[in-house]
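Okay, here's what each chain looks like letter by letter:
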Amino acid sequence: MNRLLILAAVSASLMASACVTVIDATDSDDLAWHGENAQPFDAARHACRASTGKGQHSDAFRDCMAGKGWTRS
């Protein structure tokens, strides 16, 4: 019985970890990003800002974020 409970808890945590939504973002534009198996959001956003030199509404920034596993809804 204990093995079954442990297996169920591990399975549930693994399933929930595959999908990420930014819910504690400070910028209202950050709320629209969703990712599956994505890099950490803050690190991805920082890297894309640095590499593109553009803001979140540019195509280059969105393409960079998509390459890191994040899409905008």
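See the structure shown above.
Residues numbered from 1 in each chain as written. Predicted model: local features only at pLDDT ≥ 70, side-chain atom pairs only at ≥ 80, totals over all residues. Heavy atoms only, no water.

Would you explain the overall build of the protein chain in this entry?
Broken down by element type, the protein chain carries three helices and three strands. In the protein chain, buried positions account for 22% of the 73 residues. The contacts in the protein chain between residues at least 6 apart in sequence include a share of 45% that link residues at least 24 apart. (Helix = DSSP H or I, 4+ residues; strand = E, 2+ residues; numbered from the N terminus. Buried < 20%, exposed > 50% of the residue type's maximum accessible area, 1.4 Å probe, protein only. Contact = heavy atoms within 4.5 Å.)

Would you explain the pattern of salt bridges in this entry?
For side chains of opposite charge, pairing can occur when their charged atoms come near one another. Under the counting rule described, the total for this entry stands at two salt bridges. One salt bridge in this structure joins Arg 45 and Asp 42, with 3.0 Å as the shortest N-O distance. With a gap of three residues between them, Arg 45 and Asp 42 both fall in helix α2 (residues 41–52), about one helical turn apart. A residue is classified by how much of its surface remains accessible, and Arg 45, at 14% relative accessible area, is buried. (Salt bridge = Lys/Arg side-chain N within 4 Å of Asp/Glu carboxyl O.)

I tried to follow the packing of aromatic side chains on my own but got confused; where do I start?
The description of an aromatic ring pair uses the distance of the two centres, along with the angle that the planes make with each other. According to the stated counting rule, one finds two aromatic pairs in the structure shown. With centroids separated by 6.0 Å and ring planes inclined at 70°, the aromatic side chains of Trp 33 and Phe 61 adopt a geometry described as edge-to-face. Residue Trp 33 is located in strand β2 (residues 33–36), and its partner Phe 61 is located in helix α3 (residues 59–67); the two are separated by 28 residues in the primary sequence. Like Phe 61, Trp 33 is buried. Ring geometry for Phe 41 versus Trp 70: centroids 5.1 Å apart, planes at 80°, classification edge-to-face. With Phe 41 in helix α2 and Trp 70 in strand β3 (residues 70–72), the pair connects residues that are 29 residues apart, well separated along the chain. Accessibility assignment for this pair places Phe 41 and Trp 70 in one class, buried. (Phe/Tyr/Trp six-rings, centres within 6.5 Å; stacked < 30°, edge-to-face > 60°.)

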